[in-house]
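# Fold and geometry: a report
Residues per chain, in single letters:
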Amino acid sequence: MPRIDSSGSSSLSTIDTPAEAGAAPPSPSRAAEPRAQASPRRNEVRAFDGSAARTPEPSSHGSTPAGAGPARSAGEMAVLGGWSRPEGSKDAPTDVLEGIRARLTRSLENWTVGADDVRAVHTALGSLPAGTYRVALERLQQEGLLGAYVKAQDAGSRLAFLEQAESKGVLHRSNGESGPVGPLGYPAVPDVFVNDRRLPGAMRDAVNAHAIDVGAGFYRAHAEYLGRYARAVDGAQSLQELGALGPPRAARLPESLLGLEWKDPSRRDYEAAWKSGIGQPKTLNLVLQHVSARQRELSGERAGGTVQLHGKVGVSSESAQWSAKAALDTRGHGELKGDVGVAARAGPVGVEVSHDSSGETEGKVKVNLGLVELSLASDGEQRVAVGVGTLFQVHATLNAKKAELGGGVSAKLKADGSQASAEAGFSMKGLTAERAQQSFDPGHRGVFQQPAELASRTAWDALPESTRAAYAKEGWNREAWTRALPLPR
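For clarity, every value in this text was computed on a predicted model and none was experimentally measured.

Basis of the calculations
Residues numbered from 1 in each chain as written. Predicted model: local features only at pLDDT ≥ 70, side-chain atom pairs only at ≥ 80, totals over all residues. Heavy atoms only, no water. Helix = DSSP H or I, 4+ residues; strand = E, 2+ residues; numbered from the N terminus. Buried < 20%, exposed > 50% of the residue type's maximum accessible area, 1.4 Å probe, protein only. Contact = heavy atoms within 4.5 Å. Areas by Shrake-Rupley, 256 points an atom, 1.4 Å probe, with all protein chains shown as cover. Phe/Tyr/Trp six-rings, centres within 6.5 Å; stacked < 30°, edge-to-face > 60°. Lys NZ or Arg CZ within 6 Å of the ring centre and 35° of its normal. Pairing = 2+ DSSP bridges. Axes fitted to C-alpha atoms, helices over the stretch in contact; angles between N-to-C directions. Parallel < 35°, antiparallel > 145°, perpendicular 65-115°, else oblique. Left-handed = near helix turned anticlockwise from the far one by under 90°. Nonpolar A, V, L, I, M, F, W, Y, C, P; charged D, E, K, R; others polar.

### As for the overall build of the protein
Helix and strand counts for the protein come out as 16 helices and 12 strands. Here the protein holds 489 residues, and 34% of them are scored as buried. Across the protein, the fraction of contacts at a sequence separation of at least 24, relative to all contacts at a separation of at least 6, is 52%. When the accessible surface of the protein is totalled, it reaches about 28300 Å², and 56% of it is carbon and sulfur.

Encoded structure:
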């Protein structure tokens, strides 16, 4: 059975390994056994050289093919965790290893590995040349001390350890992006160290822990990018400025970033730990709601899902009326306007026409049935009011054209043929039929798409009048259109 010597000499000398050049000749009893028969009987595992090609068969002389990599017995591979020692490497100095062991071995007097121990081990390992560095990690892996070293590291010391191993040629990393992308700073995809299955198990754990750190950091940076994007959307002053932002970018980190080989038996475990550690990125739902709301605001519409509170006071006579109305919605937008109008009544039916300070004219037909009052406005609002006593009414409103639903209470006081009134209520904005149809229409042009006529280099004056009017609502005019026309090739 293989024996691991704890005296500090190479443990590989006590494991059944192939005869090295210059070694002592075998005993007579073993010398009589042909070499061509001894080699195939070994339970030997060879290091994978990175290719899927079949390992060449041994020659008739029993020699190992030159491109097959260093030979290792099953016992060696179990001790080394599948990591092959490079040819020509030398054992680490005994005093360095003893110092590292003293720092990482727990005892009654020193039962934890602290930050000072981690720094001291890092310094000691850094003093070793590249070949000796790899051998030292082998020995620490065999003795279980490399795992203790890795577990005691925080994110900063772990990165320093991995960068040190990279400088010694033990690790290499994949290339991410050089820096943030775009004016809003979409985060750069991070670079990570490749989790090669030939590395010691404890170092592979450190590599994956670092990949979790940078992956979670990428998602945090992406959440900050979405915040900047939402603020830019809310600050857009025109539909063209909104469209120039471009659509928001989702966060995507594929498992291939880790560099795990498909046939690696630990691949699924490392991928699952990485996915669980980095969490889930923020969705684009919130910023897309910002885009939709701002687009409607810039188009002169209320955003879907907003609630508006309003109050109204007014006085009227048999033939004239005046009122003032204030409104504030949940997105912080308010308005204040007044209107004047005329009214005509014939029995239970009345007609009112009013003109407000924003320049809009509205007509309304009312039918008073005593306890219940019905009305229909020219903008599509339908209203039902029910009296409560002699002064108060409760009402409900529905406007299918604008996709608004609301309600409230009002009070009326009559004296000498005149009437004073006060009203408080609310309305909720829904999705209009036109907007619902556009959301399912694959041919509908979104805010981030340029008009098709620009791509065909159609001049502004060549557009139909109705098309120019529609584009004018989006902020286009002759000057802006001419600037946006692509140059001829």
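### With respect to the packing of aromatic side chains
Taken as a whole and assessed by the stated rule, the structure comprises 6 aromatic pairs. Residues Tyr-225 and Tyr-229 carry aromatic rings whose centres are separated by 6.3 Å and whose planes lie at 50° to one another, so their mutual orientation is tilted. In this pair, Tyr-225 and Tyr-229 are both assigned in helix H9 (residues 201–235), 4 residues apart and thus about one turn of the helix distant. The class for Tyr-225 is buried, based on a relative accessible area of 4%. You can call Tyr-229 buried: its relative accessible area is 1%. Taken together, the aromatic side chains of Tyr-186, Phe-218, Tyr-219, Tyr-225 and Tyr-229 make up a single cluster linked through ring pairs. The ring of Trp-262 carries the charged tip of Arg-267 above its face, separated from the ring centre by 4.0 Å.

### Things to note about the pairing of strand S12 (residues 418–429)
In the sheet, strand S3 (residues 307–316) pairs with S12 via 10 bridges, with the strands oriented antiparallel. Bridging from a neighbouring strand, Val-307 pairs with Met-428 of S12. As paired elements, strand S11 (residues 404–415) and S12 share 12 bridges and run antiparallel to each other. Residue pairing in the sheet places Glu-404 in a bridge with Lys-429 of S12. From the end of S11 to the start of S12, which pair antiparallel, there are 2 residues, and Asp-416 there has a positive phi angle of about 55°.

### Focus: the packing of helix H4 (residues 94–104) against helix H5 (residues 115–126)
The angle between the axes and the distance between the axes are what describe a pair of packed helices. Where H4 meets H5, the axes come as close as 9 Å, and the angle between the chain directions of the two elements is 165°. When the axis of H4 is compared with that of H5, the two are roughly antiparallel. Here H4 and H5 pass one another in a crossing that is left-handed. For the pair formed by H4 and H5, the contact residues are Val-96, Ile-100, Arg-103 and Leu-104 on the first element and Asp-116, Asp-117, Ala-120, Val-121, Ala-124 and Leu-125 on the second. Grouping the amino acids of the contact of H4 with H5 by side-chain chemistry returns 7 nonpolar, no polar and 3 charged.

### Focus on the sheet that holds strand S9 (residues 381–388)
Strand order in the closed barrel formed by 10 strands is S3-S4-S5-S6-S7-S8-S9-S10-S11-S12, with antiparallel pairing between adjacent strands. The average undirected angle you get between the axes of adjacent strands in this sheet is 20°. In this sheet, S11 lies alongside strand S10 (residues 392–399) in antiparallel orientation, the contact comprising 8 bridges. The partner of Thr-397 across the bridge, within S11, is Gly-406.

### Regarding the packing of H9 against helix H12 (residues 285–298)
As a packed pair, H9 and H12 sit with axes 9 Å apart at the nearest point and diverge in direction by 5°. Put simply, H9 runs roughly parallel to H12. Contacts from Leu-226, Tyr-229, Ala-230, Val-233 and Asp-234 in H9 reach Val-287, His-290, Val-291 and Arg-294 in H12. Classifying every residue of the contact of H9 with H12 by side-chain character gives 6 nonpolar, 1 polar and 2 charged.

### What to know about the pairing of strand S6 (residues 349–356)
Side chains of S6 alternate between two faces, with Gly-350, Glu-352, Ser-354 and Asp-356 buried and Val-349, Val-351, Val-353 and His-355 left unburied. Bridge count between strand S5 (residues 334–346) and S6: 8 bridges; the pairing is antiparallel. Its bridge partner being in S6, Val-342 is matched across the sheet by Val-353. A loop of 2 residues connects S5 with S6, the two strands running antiparallel in sequence, and Gly-347 in this loop sits at a positive phi of about 70°. When S6 meets strand S7 (residues 361–368), the two strands line up antiparallel, connected through 7 bridges. The partner of Val-353 across the bridge, within S7, is Gly-363. Counted along the chain from S6 to the antiparallel partner S7, the turn is 4 residues long, and its residue Gly-359 has a positive phi close to 95°.

Note that all results are geometric; they support no functional claim without further evidence.
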